[in-house]
Amino acid sequence: MTVSIKVRTAIERSSWIRRMFEEGAALIAEHGAENIFDFTLGNPSVEPPAAFHRELRRLANQPDIGMHRYMNNAGYEETRTAVAEHLAKSSDVPVNASHIIMTCGAGGALNVVLKTILNPNEEVIILTPFFVEYKFYVDNHGGTTTEVWTDPETFQPDIDAIEAAITENTRALIINSPNNPTGAIYSAETLKALGEMLERKQAELGRSLYVISDEPYARLAFDGITVPPVFKYIRNAILVTSHSKDLALPGERIGYLAANPAMDDVSLFIEGAIFCNRVLGFVNAPALMQRLVARLQQESVDISEYQTKRDLLYDYLTELGFSMVKPGGGFYLFPNSPLADDVEFVRRAQQQNILLVPGSGFGAPGYFRIAYCVAMDVIERSLPAWKKLAKEVGL
Ligand code: PLP
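Residues numbered from 1 in each chain as written. Predicted model: local features only at pLDDT ≥ 70, side-chain atom pairs only at ≥ 80, totals over all residues. Heavy atoms only, no water.

Time to look at the domain arrangement of the protein. Taken domain by domain, the protein holds domain 1 (5–48 + 302–392) and domain 2 (51–293). Distance from the C-alpha centre of domain 1 to the C-alpha centre of domain 2: 27 Å. At the boundary of domain 1 with domain 2, total buried surface from both sides reaches about 2400 Å², with 65% on carbon and sulfur atoms. A per-residue breakdown of the area domain 1 buries against domain 2 is headed by Pro48, Val325 and Phe362, which together make up 23% of the total. Joining domain 1 to domain 2, the criterion identifies 2 salt bridges. With a closest N to O distance of 3.1 Å, arginine 310 and aspartate 223 form a salt bridge. Applying the counting rule to domain 1 against domain 2 returns 11 residue pairs in polar contact (both at pLDDT 80 or more). For the side of domain 1 that touches domain 2, the secondary-structure elements that each account for two or more residues are helix 1 (5–13), helix 12 (303–320) and strand 9 (332–333). Per-element accounting of the side of domain 1 that touches domain 2 gives the leading share, 4 residues, to helix 12. Of the residues belonging to the side of domain 1 that touches domain 2, the class tally is 16 nonpolar, 8 polar and 4 charged. (Domains from an automatic or database assignment. Buried area = accessible area lost by both parts, 1.4 Å probe. Salt bridge = Lys/Arg side-chain N within 4 Å of Asp/Glu carboxyl O. Polar contact = N/O pair within 3.5 Å; in protein donor to acceptor, adjacent residues only side chain to side chain. Helix = DSSP H or I, 4+ residues; strand = E, 2+ residues; numbered from the N terminus. Nonpolar A, V, L, I, M, F, W, Y, C, P; charged D, E, K, R; others polar.)

Structure, rendered in structure tokens:
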């Protein structure tokens, strides 16, 4: 057998996702992509900002000697300084280049952090509904995950439930705001309460509990809201993020991790994380992208386009009788499934040529996810199909 038992089991467990993907692909082949409303993938529908193309052309036309060579495993000083300045300004916390490591996306950053901090069989708390890769990433580094539900009325973290889940073996908690799949933005009050609870627990247990704050959607916040800066409220916080969504560059694999300057043993953590970035085989984040994003820290895709799409779908679906928490950011909606069996509901949606992901894929049966990062025209053309689907499932 060429594939390990562990990987084979993981593939088999997620085979229904693959099956649904294949069924979706068959529908596209049968009816043509223009007649299928595909809301499954979190791939940005917008293009990177004009400044990205301008900088890319500038670099291509004026190449610097050595610009494609190996570098310090933490990344270019110029890029780390630009990122640190952006974070210091937005959080009012004295972050500097020594607290930043450039990574291969947020996914790369998460793996670097988990490898750096986890001892065998230590527990990482994840909040349901969750980005399913967290379970695989924690397992990559010998840890185990404990799932704790967020408050279903708001999808905000339930601080008491998190506290109850902390054991002698807990090492970290992963939070994600704006959230995939719910779109919830964690409020400053929630982060403050979480920070206070963790300080109390750390004193009680006599050791550090880390919060890994996964924030690739941080700039995708609507209605004039700014995502509260985690460093301001949580001392032992490590921020992981990328430019996959805010600059629409998921294929370029550029992101970073940042340690709160106030965290325990911050220099040792950074030293460990630089080592892990190297030995995980990432070596360093892509050189060309580092040079570009150093000059793009103030840039962002057009957020208003996502907000318009959220509003259109949220209003229309709510009117049809679907119920959901209104998301504050990101590019996902996470409504309640009108059928008790969310997988069955997603199959019924398929019959109307609407492709969705069941909540079960996020540890949350009874819901479904709509990724509305698709062209406006796809959303508009899908509306009659949603209407038929609502009637079909008895709304
Ligand atoms: N975290 C969350 C919550 C995500 O939704 C994603 C991607 O969809 C990632 C991390 C990974 O992002 P990246 O492309 O930067 O690795």
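The rest of the description comes next.
This part takes up the sheet that holds strand 11 (residues 357–358). Ordered in space as 9-12-11, the 3 strands form an open sheet in which the pairing is antiparallel. This sheet does not close on itself; its edge strands, each paired only once, are strand 9 and strand 11. Of the pairings in the sheet, the one linking strand 9 to strand 12 (residues 368–371) comprises 2 bridges and is antiparallel in character. Note on strand 12: the bridge partner recorded for leucine 333 is isoleucine 370. (Pairing = 2+ DSSP bridges.)

It is the contact of helix 5 (residues 105–117) with helix 10 (residues 266–279), at a shortest axis distance of 8 Å, that shows an interaxial angle of 120°. In terms of their interaxial angle, helix 5 and helix 10 are classed as oblique. Where helix 5 crosses over helix 10, the two elements pack in a sense that is right-handed. Touching Val112, Val113, Lys115, Thr116 and Ile117 of helix 5 are Phe269, Gly272, Ala273, Cys276, Asn277 and Val279, all from helix 10. Taken together, the residues that form the contact of helix 5 with helix 10 break down as 7 nonpolar, 3 polar and 1 charged. (Axes fitted to C-alpha atoms, helices over the stretch in contact; angles between N-to-C directions. Parallel < 35°, antiparallel > 145°, perpendicular 65-115°, else oblique. Left-handed = near helix turned anticlockwise from the far one by under 90°. Contact = heavy atoms within 4.5 Å.)

A few words on the packing of helix 12 against helix 14 (residues 376–392). It is at 10 Å that the axes of helix 12 and helix 14 come closest, and there the two elements cross at 10°. Compared by their axis directions, helix 12 and helix 14 come out roughly parallel. Judged by residue contacts, Thr308, Lys309, Leu312, Leu313, Tyr316, Leu317 and Leu320 of helix 12 engage Met376, Ile379, Glu380, Leu383, Trp386, Lys387 and Ala390 from helix 14. Split by residue class, the contact of helix 12 with helix 14 holds 10 nonpolar, 1 polar and 3 charged.

Below, the discussion takes up a nonpolar patch on the surface. A contiguous nonpolar surface patch, about 380 Å² in accessible area, is contributed by Met1, Val3, Val7 and Ile11. Structurally, valine 7 is set in helix 1. (Patch = residues over 30% accessible without salt bridge, like charges linked within 9 Å, V, L, I, M, F, W, Y side chains within 5 Å. Areas by Shrake-Rupley, 256 points an atom, 1.4 Å probe, with all protein chains shown as cover.)

With that settled, consider the pattern of salt bridges. All chains considered together, the criterion is met by 20 salt bridges. Of the charged contacts, one joins arginine 381 and aspartate 377 as a salt bridge, the two residues approaching to 3.0 Å between their closest N and O atoms. Of this pair, arginine 381 and aspartate 377 both sit in helix 14, 4 residues apart, which is roughly one turn of the helix.

Taken together, 14 residues lie near the ligand, and Ala106, Asp214, Tyr217, Ser242 and Arg253 sit nearest. In the environment of the ligand, an oxygen atom lies 2.8 Å from a nitrogen or oxygen atom belonging to the backbone of glycine 107. Interatomic distance of 2.9 Å between a side-chain N/O atom of lysine 245 and an oxygen atom of the ligand. For the ligand, whose unbound accessible area comes to 390 Å², protein coverage reaches 90%. No other element matches the 3 residues that helix 5 contributes to the shell around the ligand. Across the shell around the ligand, the residue classes break down as 5 nonpolar, 6 polar and 3 charged. (Near = heavy atom within 4 Å.)

Moving on, we come to the nonpolar core. By size, the foremost hydrophobic cluster in this structure holds 42 residues, and its most contacted members are Ile100, Ile175 and Leu194. The element contributing the most residues to this core is helix 8 (residues 188–205), with 4 residues. Setting aside residues no more than four positions away along its own chain, isoleucine 100 makes contact with Ala74, Arg80, Val83, Ala84, Leu87, Val95, Tyr256, Leu257, Ala258 and Ile270. In this structure, Val46, Tyr217, Leu320 and Ile379 belong to the second largest nonpolar core, which totals 40 residues. (Core = buried A, V, L, I, M, F, W, Y, C linked by side-chain atoms within 4.5 Å. Buried < 20%, exposed > 50% of the residue type's maximum accessible area, 1.4 Å probe, protein only.)

This part is about the environment of alanine 188. Among the secondary structure elements, alanine 188 is positioned in helix 8. According to the relative accessible area criterion, alanine 188 is partly exposed, its value standing at 22%. Sequence separation of alanine 188 and valine 230 is 42 residues, and the distance between their C-alpha atoms is 8.4 Å. With near-sequence residues (within four places) excluded, alanine 188 lies in contact with Pro228 and Tyr233.

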